[in-house]
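Architecture and fold: a report
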Amino acid sequence: MIHIKKFTIEGLSSHIVSDSITPLLEFFCESDTNSTLTKIHISVSNGFEVDLEPCVFYRLKGVLFEPYQKYEVTLKVLDDQGNEDEKTLIYEFGKGNDPWIGKWITDSEYQFTEKRIDPKVMLFRKKLSFTKPVKEAKLYVTALGVYRLEVDKKRVNEAFLKPGFTSYAHNLMYQVYPLNLHGQNHDLDIYVAGGWAVGSFIYSRVNRHYAKRQALLAELRVQYEDGSSEVIPSDESWLVTTENKYKLASLYDGETLDANVNELQFHQSHFETVKIKPKIVADYSSDIKVKMEMRPISMKSMNGKTLYDFGQNLTGIISLHIKEAKQGDTIIVKHAEVLQKDGDLDLSLLRSAKATLTYVCKEGEQDYTPEFTYMGFRYITIEGIDPSKVEVKALHLTSEMDEVSSFHCSDKMLNQLQSNIVWSGRNNFEDIPTDCPQRDERMGWTGDISIFAPTALFNFDCDRFLKKWLVDVKSEQRKGGSIPVTVPIHGYGLPYTMPPLAVDFWGDCILTVPYAIYQNTGEKEVLETYYDSMKRYVEAEHFWAKIWGVGKYRYIWHTPSMLHFGDWVSPEVDKMSEWQKRSKYTATASLKRCASLLSEVASILGKKEDEKKYAELASKVKDAYISVFTENGKLKKKEFQTGYVLPLAFDMFEGTDKENALKNLVKLIEDNHYCIGTGFPGTPFILFVLADNGYEDVAFKMLMNTEAPSWLYNVKVGGTTIWEKFDGMLEDGTCRPSKDGTGNMVSFDHYASGSVGEFLYTRIGGLRILEPGYKKFEVKPILGPLTSLEESTLTPYGKIEIKWKKENDDFTLEILVPMLTSCKAVLPDGSQKELSSGRHILTCKL
């Protein structure tokens, strides 16, 4: 029988609300009789029908969707044995182009002028009184700030920090909530905190970046049982107050709540003139929700407070069940990733972020869960209550996306490394791809996700998440073509945001992230959407290269090092300025890589002139790098790992020069005792360069090394997430003092170096994409010292499973090939076999 295993619209399978007039349908099937899909039929309840040849995605076109209406979309499939299956989803069209009846409202009596702090929380209330029975009610709502929605004091929204983090000057999302309004009278309450739009954000603590105070925009659309309808918009009939139970709401500093505040003094709200004019569209994000609940693994009393250890570095919030308290009792919760030598929280790494919860109790039993903040932590302290009177749990928050892959091998430390990669991915996917979740940063650094995207897309069904962020990347691209180093840029200052300055490897995200999505999904339109932005960025790179030189130096990108990140956090050198001084190498390599990639994308899209143009540019940059920086495959000046890794990874060396460069790189590695020396730019590629060029043994020695700096040193000393710096922690579990001039920049939850995951999956697991979307793939594992491996991933066509095992001289490889795909299996003895869909077992002698 054939079974539809996945069917989504706009990446969702439930609660689908969108303004897209051409929504994307994605689906795949499995068969328990090894049958083949032969026909697909799609129908929409408004009469639209279409028959398709076997495929895994289709964009509905030519369908007339009306605002506020629901449509049944049915997928029906047929296989070659006459079996059928079908599924139906409800697609709800949002407001579309229908103008908002509601107006922006605020509390204009509140004058928020202080710097570096967060505003008071506004509470908007609409008192509802119905004279006839309500059949259906839906609230369409957005805010400048982040909101909590309540009806009759019961929380409605499951997701946190809505309407979400976007470049508010360009894009703002609204949400739709069905409300239970049976009965006559109701209080509709919406708390709006400063969040990203108005609150204190980035490490300079800029506030009021998009608006001088919070504002709310809403429409309540009511249908009555008698067939009539009504729209209740946000207007001056709504009440507002800033004197409510929330006394502090800050992304960085935490939350203060007084549970005793009941009598509220409301006054009339006021229309607000919003200076920014974003495009307001239905939510296209992946909601931040509770992924799991976690209990502490240990607790101990110290210095009048209780220390809790959750055993895992995580992103989220603490939830308290208070069994007994007196009115006015004050509970204080502080958070940290690591401890000091005296066993107390190391709060210094938070920099200006206070990461503190303060809860003022009412009398008796009660619960408290914060709403307007999140933290990165493994440890907390609680003071102000006896531990016997409170139950503590952590709620792990992350953007909602399925984990679609697994990796497990015969080495426990590599398995823990994989766990660390997954945890750091989840911990930093908080509506945008952040750098870290704990200190006064949590920004959308473009360089981090640029190198982590392939690993992320293997582990998570995150293309909806990444596409949402890319909308802002495109929106914030500068006129000169440069890409900000953090998106949304949100007031981040010079020099890296100075238009039209381009920054290598960080700005590369406009090519690398869409390309990674294309490779994993096969959706060519993501390349079409961002092609012009890709071109503009490469032209900006080339502009900054040629403006500073003549002749071959017109292809050496050597703007002043202070304008680049260079070999960022390379453990070979201990000063930020030294990382930056390597920028002429990293930037020139970036230009070559981006020009080559753009030429490839142009070829995919049939743009022949551009394909030729950028291939020629890449060739000239390649020749310049080799002639200016190297001689006979050796760096002319001081050697460093990244200086070899990048030109080797980007096919810039040829012939004996390549052989010599590899030998020189290997010597550097051996002299460094197989420790990692690359910064952000080189780390994703170093193991590939070695393993793909005859140095598999060196690659495994680096990977399996447990001395600092290395991936497994982290595991050896108890790390549960990926660190910003390979040697950030001492063996006693305390933080290594930072002397590199970055101002205590030490994060223990930074996924960038977790880009090594791609090597685990594509070389040790052996799974390599030959045609986008895994339409055709290769399984060619590198065994090294391992004896077994199990790996799987959910592709657009279905699940791929790989299992291999070696016993003495015998090797066994088992592969599950999804429907509509094919696989090329390459065994360690060199033998090859082409495989169609189904499960296959292959063997050979080692």
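Relevant structure appears above.
In this text, all values refer to a predicted model and were calculated from it rather than measured experimentally.

**A short note on the sheet that holds strand β13 (residues 154-155)**
Backbone hydrogen bonds are what pair the strands of a sheet, in a parallel or an antiparallel way. Ordered in space as β13-β12-β15-β10-β18-β21, the six strands form an open sheet in which the pairing is antiparallel. Looking at strand neighbours, the two that pair on one side only are β13 and β21 (267-268), the edges of this open sheet. Sheet analysis places strand β12 (residues 146-151) next to β13, joined by two bridges and oriented antiparallel. Within the sheet, the bridge partner assigned to Val-151 lies in β13 and is Lys-154.

**Focus on the packing of helix α4 (residues 463-475) against helix α5 (residues 509-521)**
Where α4 contacts α5, the axes come no closer than 11 Å and their chain directions differ by 155°. By the angle between their directions, the pair α4 and α5 is classed as roughly antiparallel. Note that α4 runs across α5; the crossing there is left-handed. Contact residues: Asp-463, Leu-466, Lys-467, Trp-469, Leu-470 and Val-473 in α4; Cys-509, Ile-510, Val-513, Pro-514, Ile-517 and Thr-521 in α5. The class makeup of the residues in the contact of α4 with α5 is nine nonpolar, one polar and two charged.

**Focus: the pattern of salt bridges**
For the structure on display, the rule yields 55 salt bridges. With a closest N to O distance of 2.8 Å, Asp-567 and Arg-582 form a salt bridge. Of this pair, Asp-567 sits in the loop between α6 (525-546) and α7 (576-581) while Arg-582 is found in the loop between α7 and α8 (583-604), placing the two residues 15 residues apart along the sequence. Arg-582 matches Asp-567 in its accessibility class, with the two residues each being buried. A salt bridge links Glu-801 to Arg-839; the shortest N-O distance between them is 3.1 Å. Placement of the pair is Glu-801 in strand β40 (residues 798-807) and Arg-839 in strand β44 (residues 838-845), with a sequence separation of 38 residues. On the basis of relative accessibility, which here comes to 45%, the residue Arg-839 falls in the partly exposed class. Three or more residues are tied together by salt bridges with common partners; here these are Arg-351, Arg-439, Asp-440, Glu-441 and Glu-724.

**Structural notes on the environment of Asp-810**
Secondary-structure assignment places Asp-810 in strand β41 (residues 810-817). The exposure class of Asp-810 is partly exposed, given its relative accessible area of 36%. Distance from Asp-810 to Leu-846, taken between C-alpha atoms, is 6.0 Å for residues 36 residues apart in sequence. Discounting residues that sit within four places of it in the chain, Asp-810 has contacts with Lys-805, Cys-844, Lys-845 and Leu-846. Engagement of the side chain of Asp-810 in a polar contact is seen with the side chain of Lys-845, the distance being 2.5 Å.

**Section: helix α9 (residues 608-629)**
Compared with the 32 Å implied by 1.5 Å per residue over 22 residues, the 32 Å span of α9 between its first and last C-alpha is a close match. Taken as a whole, α9 has its buried residues at Asp-610, Tyr-614, Leu-617, Ala-618, Val-621, Lys-622, Ala-624, Tyr-625, Ile-626, Val-628 and Phe-629. Considering only its buried residues, α9 is in contact with α6, α8, β35 (630-631), β36 (634-635), α10 (641-649) and α11 (655-671).

**Description of the sheet that holds strand β6 (residues 57-59)**
Within the open sheet, the three strands sit side by side as β1-β3-β6. Their pairing is antiparallel. Bordering the open sheet on either side are β1 (2-9) and β6, each of which pairs with just one other strand. Within this sheet the neighbouring strands show an average axis-to-axis angle of 20°, counted without direction. Where strand β3 (residues 24-31) meets β6, three bridges bridge the pair, whose relative direction is antiparallel. Paired with Leu-25 across the two strands is Tyr-58, which belongs to β6.

**Re the layout of surface pockets**
To find the voids left in a structure, one rolls a probe of water-molecule size over its atoms. By volume, the second largest pocket is sized at about 1200 Å³. Around the second largest pocket, the lining comprises 33 residues; the ones closest to its centre are Tyr-515, Phe-685, Phe-688, Glu-758 and Arg-763. Of all elements in the fold, only α3 (446-459), α5, α8, α10, α12 (686-691), α15 (757-764) and β37 (767-771) reach the threshold of two or more residues within the lining of the second largest pocket. Of the residues assigned to the lining of the second largest pocket, the class counts are 17 nonpolar, seven polar and nine charged.

**Section: α4**
With 13 residues, α4 extends 18 Å between its outermost C-alpha atoms, agreeing within 8% with the 18 Å of an ideal straight helix rising 1.5 Å per residue. Looking only at α4, the buried set comprises Asp-463, Arg-464, Phe-465, Leu-466, Lys-468, Trp-469, Leu-470, Asp-472 and Val-473.

**Thoughts on the pairing of strand β42 (residues 822-826)**
The pairing of strand β38 (residues 776-779) with β42 spans four bridges and is parallel. Within β42, the position partnered with Val-779 by the bridge is Ala-825. Sheet topology places β42 next to strand β43 (residues 832-835); four bridges connect them, and they run antiparallel. Across the sheet, residue Val-826 finds its bridge partner in β43, namely Gln-832. Connecting the antiparallel pair β42 and β43 is a turn made up of five residues, with Gly-830 showing a positive phi of about 95°.

Reading the values: the criteria
- Residues numbered from 1 in each chain as written.
- Predicted model: local features only at pLDDT ≥ 70, side-chain atom pairs only at ≥ 80, totals over all residues.
- Heavy atoms only, no water.
- Pairing = 2+ DSSP bridges.
- Helix = DSSP H or I, 4+ residues; strand = E, 2+ residues; numbered from the N terminus.
- Axes fitted to C-alpha atoms, helices over the stretch in contact; angles between N-to-C directions.
- Parallel < 35°, antiparallel > 145°, perpendicular 65-115°, else oblique.
- Left-handed = near helix turned anticlockwise from the far one by under 90°.
- Contact = heavy atoms within 4.5 Å.
- Nonpolar A, V, L, I, M, F, W, Y, C, P; charged D, E, K, R; others polar.
- Salt bridge = Lys/Arg side-chain N within 4 Å of Asp/Glu carboxyl O.
- Buried < 20%, exposed > 50% of the residue type's maximum accessible area, 1.4 Å probe, protein only.
- Polar contact = N/O pair within 3.5 Å; in protein donor to acceptor, adjacent residues only side chain to side chain.
- Expected span 1.5 Å × (residues − 1).
- 1 Å grid on protein atoms, 1.4 Å probe; cavity = no way out; pocket = protein on both sides within 12 Å on 5 of 7 lines; lining within 4 Å.
- Points joined across faces, edges and corners; volume = space filled by probe spheres on them.

The values reported here are purely geometric and, on their own, carry no functional implication.
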